[in-house]
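One letter stands for each residue in the lines below.
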Amino acid sequence: MLLEALLVSVLVGAGVVALAPNRYAGKLAAVLSLVPLGGSLYLWSAFDGASNALLGNDPAFETQFAWFDLGPYALQWHVGLDGVSLPLLVLTTILTTAAIVSAWTPIDERESQFYALVLLLEAGLLGVFAALDFFLWFVFWEVVLVPMYFLIGIWGGPRRKYAAIKFFVYTNVASLVMFIGFIALVFGLGDSVASLDLPVIAQTLQEEGALGSFAGLEPDALKATAFLAMFAGFAVKVPIVPVHTWLPDAHVEAPTPVSVLLAGVLLKMGTYALLRFNFTMLPDVAAANATIIAIFAVVSVIYGAMLALAQRDLKRIVAYSSISSMGYVLLGLIAYTVHGVGGATFQMVSHGFISGLMFMVVGVVYNQTHTRMVGDMSGLADRLPVTSGIFVAAAFGYMGLPLMSGFIGEALIFIGAFPSDVLPGAPLFTASAMFGIVIVAGYLLFAMQRALFGPFELATDYELSRAPVQDVAPLLVLLACVIILGIHPDLFYGMIQDAVAPVVELGGGV
């Protein structure tokens, strides 16, 4: 019942914070967020290895009992963790605490409601990574949309309502498309399954002849249609080009702490779901369409980086760079090698820390200068030395500097993708994606050179002062996580390899 205790602690914390006076809400939320953070670290320390939760059917910290019957299907409370979900669970709790502390300076109205919604968002995210029943998983998946909509729509920038509605419509329609695809697949299994239990469904789909026809579609056509529907739904959440246009608006209008969670964790919901559903349940369809998927991956890498290169708003630069980074994850997944899929999973965690750190640095700069435009500032390193130093370190982490987690994630993906037997022309796709690193270096070095170095200039009439401790402390924590994972990746990568090995075997990789 450890996972249930974790979820309950977050929900209780959200309720307590919602009732607290505004002036105490931020500090109280930070303290209460330490409970799930400590719980996730305990789960990580107590984790003694488990195979893939969907294919091995022996997840760690598992709880399973009947919930209620829905026609022919029994719905269950089924939660558990493996080497894919546990690192993302830890990432969520660390980023949530960091985001809450970073919000103390910019959030100065309706604080109780803001911090309560952040904790509710955390509960939904933890549920997505822990749930092993589709109905339960889908409930958590949809719950995440609600607090994010209000966090952008109430505390966001001048175009916050437009950004919030666009985010909600895009992701909600995508969820509907994904839901239809998965349920059609379940109906095609007929009497072979009597529940929406994800391990049962995943393992049944691997049995020869288990899938029948449904809605006039023969088994092969049904699998291809379901794969396409689920891929399209999850692609919006990632996001993959061309369904990425909601992301920059959401990031720019969202307050910085919300951008931290949006880039750091919410985008990982999409890649996590692609791994769990498309690449685990339908590996033959994924392998048959490997070239098309790889094209989407490489286009996302290059196009996302080019869009970032064209921006002058620091927040937009980081937002578009997330699209590029998620393209690397998709390329690693379709490689169907241990280091490809494992590197993609590690990159989810690494990018969560680095993108969260980058958005947080941009937030501190904005708090001090009241501008995010690269052309409106220069020479900040002299006035904000600590913040500028962390900015440089975070940017180098994004560029894949050795001894930082970004280097490990990208290196594993490239090492895994080059020899892929599943992906025709794998060396060409991998080399093309590697060119994205050059573009990343271009826009980040440009932004740093213009904003941090040279003679001091500031277009706004504000006196700069040293950033307060509550702004700098979360930056140092996230930077430490990036460096620690870069020096000692096996803190997570060993368990990741164990969890992705059965998926690779299904896909015919090595």
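Look a little higher up for the structure.
Below, the structure is looked at part by part. (Residues numbered from 1 in each chain as written. Predicted model: local features only at pLDDT ≥ 70, side-chain atom pairs only at ≥ 80, totals over all residues. Heavy atoms only, no water.)

### Points about the packing of helix α14 (residues 314-335) against helix α19 (residues 426-452)
- Two elements in contact, α14 and α19, have axes whose closest approach is 11 Å; the angle formed by their N-to-C orientations is 165°. By the angle class used here, α14 and α19 are roughly antiparallel. In this structure, α14 meets α19 at a crossing whose hand is left-handed. Every residue of α19 that contacts α14 at Leu314, Ile317, Ser321, Tyr328 and Leu331 is listed here: Phe429, Thr430, Ala433, Met434, Gly436, Ile437, Tyr443 and Ala447.
- Of the residues that constitute the contact of α14 with α19, the class distribution is ten nonpolar, three polar and no charged. (Axes fitted to C-alpha atoms, helices over the stretch in contact; angles between N-to-C directions. Helix = DSSP H or I, 4+ residues; strand = E, 2+ residues; numbered from the N terminus. Parallel < 35°, antiparallel > 145°, perpendicular 65-115°, else oblique. Left-handed = near helix turned anticlockwise from the far one by under 90°. Contact = heavy atoms within 4.5 Å. Nonpolar A, V, L, I, M, F, W, Y, C, P; charged D, E, K, R; others polar.)

### Quick notes on the packing of aromatic side chains
- Summed over the entire model, instances satisfying the criterion amount to 30 aromatic pairs.
- Both rings, one in Tyr73 and one in Phe187, keep their centres 6.2 Å apart while their planes meet at 25°; by these two values the pair is stacked. Here Phe187 lies in helix α7 (residues 160-189) and Tyr73 lies in strand β2 (residues 73-81), a separation of 114 residues in the sequence.
- A ring pair is formed by Trp137 and Phe277, whose centres lie 4.8 Å apart and whose planes are at 50°; its orientation type is tilted. Note that Trp137 is positioned in helix α5 (residues 134-143) and Phe277 in helix α11 (residues 256-281), a separation of 140 residues in sequence.
- Aromatic ring contacts, followed pair by pair, group Phe134, Trp137, Phe138, Trp141, Phe179, Phe182, Phe234 and Phe277 into a single cluster.
- For the cation-ring pair, Arg372 lies above Tyr366, with the distance from its terminal atom to the ring centre recorded as 5.5 Å.
- Positioned above the aromatic ring of Phe456, the side-chain terminus of Arg383 is 3.9 Å from the ring centre. (Phe/Tyr/Trp six-rings, centres within 6.5 Å; stacked < 30°, edge-to-face > 60°. Lys NZ or Arg CZ within 6 Å of the ring centre and 35° of its normal.)

### What about the nonpolar core?
- If you look at the biggest cluster of nonpolar residues, it comprises 205 residues, and the most contacted ones within it are Phe134, Trp137, Phe182, Phe277, Phe279, Met281 and Ile334.
- For this core, the leading source of residues is α11, giving 16 residues.
- Excluding anything up to four places from it in sequence, Phe182 contacts Phe134, Leu198, Ile201, Met230, Phe277 and Met281. (Core = buried A, V, L, I, M, F, W, Y, C linked by side-chain atoms within 4.5 Å. Buried < 20%, exposed > 50% of the residue type's maximum accessible area, 1.4 Å probe, protein only.)

### So, unusual backbone geometry
- Along the chain, Val238 connects to Pro239 via a cis peptide bond; the corresponding omega equals -10°.
- Along the chain, Val241 connects to Pro242 via a cis peptide bond; the corresponding omega equals 15°.
- Within the fold, Pro242 resides in the loop between α9 (219-237) and α10 (246-253).
- Unlike most non-glycine residues, Ala215 shows phi in positive territory, near 55°.
- By the element assignment, Ala215 lies in the loop between α8 (198-205) and α9.
- Exposure remark for Ala215: the relative accessible area of 67% places this residue in the exposed category.
- Of note, Leu403 is a non-glycine position whose phi angle comes to about 70°, a positive value.
- In this structure Leu403 comes out as exposed when scored by relative accessible area, which is 57%.

### Brief notes about the side chain of Ser102
- Note on placement: Ser102 falls in helix α3 (residues 85-102).
- Among all residues touching Ser102, those that are not within four sequence positions of it are Pro257, Met360, Gln470, Asp471 and Pro474.

### Focus: the layout of surface pockets
- In this structure, the largest pocket occupies an estimated 560 Å³ of space.
- Pro106, Trp155, Pro255, Thr256 and Tyr366 are, among the 27 residues lining the largest pocket, the residues nearest its centre.
- Those elements giving two or more residues to the lining of the largest pocket turn out to be α6 (145-155), α10, α11 and α15 (338-369).
- Here the element with the most residues in the lining of the largest pocket is α15; it accounts for five residues. (1 Å grid on protein atoms, 1.4 Å probe; cavity = no way out; pocket = protein on both sides within 12 Å on 5 of 7 lines; lining within 4 Å. Points joined across faces, edges and corners; volume = space filled by probe spheres on them.)

That is the geometry; function is a separate question.
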